[in-house]
Amino acid sequence: AQSVTQLGSHVSVSEGALVLLRCNYSSSVPPYLFWYVQYPNQGLQLLLKYTSAATLVKGINGFEAEFKKSETSFHLTKPSAHMSDAAEYFCAVSSNTGNQFYFGTGTSLTVIP
Amino acid sequence: DAGITQSPRHKVTETGTPVTLRCHQTENHRYMYWYRQDPGHGLRLIHYSYGVKDTDKGEVSDGYSVSRSKTEDFLLTLESATSSQTSVYFCATETDRGRLGLEGYTFGSGTRLTVV
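Residues numbered from 1 in each chain as written. Chains lettered and ligands numbered in written order. Predicted model: local features only at pLDDT ≥ 70, side-chain atom pairs only at ≥ 80, totals over all residues. Heavy atoms only, no water.

1. Some points on the overall build of chain A
Thinking step 1. Helices and strands together make up the secondary structure of chain A, namely zero helices and eleven strands.
Thinking step 2. Ordered by position from the N terminus, the helices and strands of chain A form the series β-β-β-β-β-β-β-β-β-β-β.
Thinking step 3. What you see for chain A is a C-alpha radius of gyration of 13 Å, in line with the 13 Å of a compact globule of 113 residues.
Thinking step 4. Its C-alpha atoms give chain A principal-axis dimensions of roughly 45 × 30 × 20 Å.
Thinking step 5. Relative to its 113 residues, chain A shows a buried fraction of 47%.
Thinking step 6. Counting contacts in chain A only where the partners sit at least 6 residues apart, residues at least 24 apart contribute 56% of the total.
Thinking step 7. Of the roughly 5200 Å² of accessible surface on chain A, 52% is carried by carbon and sulfur atoms.
Thinking step 8. Charge separation in chain A, taken as the distance between the mean sites of 6 positive and 6 negative side-chain charges, equals 8 Å. (Helix = DSSP H or I, 4+ residues; strand = E, 2+ residues; numbered from the N terminus. Rg over C-alpha atoms; globule rule 2.2 N^0.38 Å. Buried < 20%, exposed > 50% of the residue type's maximum accessible area, 1.4 Å probe, protein only. Contact = heavy atoms within 4.5 Å. Areas by Shrake-Rupley, 256 points an atom, 1.4 Å probe, with all protein chains shown as cover. Lys, Arg positive; Asp, Glu negative; His and termini not counted. Charge placed at Lys NZ, Arg CZ, Asp CG, Glu CD.)

2. A closer look at the pattern of salt bridges
Thinking step 1. One pass over the structure, following the stated rule, counts six salt bridges over all chains.
Thinking step 2. Notably, a salt bridge pairs K78(A) with D85(A), separated by 2.9 Å at the nearest N-O pair.
Thinking step 3. Among the residues examined, K78(A) registers a relative accessible area of 11% and is labelled buried.
Thinking step 4. Looking at D85(A), the relative accessible area reads 2%, which means it is buried.
Thinking step 5. For D38(B), the salt bridge goes to R36(B), with nearest N and O atoms at 2.8 Å.
Thinking step 6. Taking relative accessible area as the criterion, D38(B) reaches 10% and is therefore assigned buried.
Thinking step 7. One connected set of salt bridges, linked through shared partners, spans R22(B), K70(B) and D73(B). (Salt bridge = Lys/Arg side-chain N within 4 Å of Asp/Glu carboxyl O.)

Below you can see the structure in the form of structure tokens.
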């Protein structure tokens, strides 16, 4: 089965600083990879997805992620954190058949004024 | 949120009682999923459906059943609720796979279930 590992359950950054949220996946074949964001008391929203078209993927709200096959990573970055970025972020990978997604345990991002 | 409605939004129930959660979508999406979200575990798949009357188990299906008699409705039933099923339950849908394959999920707002 596929799996994802998110390093760091809590990340704090200062407003204006670089955001880096880490995600590593395990997959025997090139997977589909996703990042979702969850604001308090809400469902998850799709930030961006990798589907093999390009290794650098740009998403909403200024986020982007780079697929690195050699490192089996799909880290999420944003050059300058904003207070509104405070949320929980989930990395997900699809199964080989695409019938199931496997989610990481999430990283809670705090932005310090 | 792409017309996904979960009901109820909150529910408190007693151990041993049956509970049914409803997911209703207006987007005519083919695929529907039920996940539970628990601290330290992220989201775990309970059951999913790839069409009317076509369902399959996810990784944490024990104690749960589902039904999909119409494209728009996906019901999750806890046959006999236990305290370990206290969780936040999310429904998700996915449209038919597009040119680039998987499109990703659209999520409902969740149902917070407490079993006492």
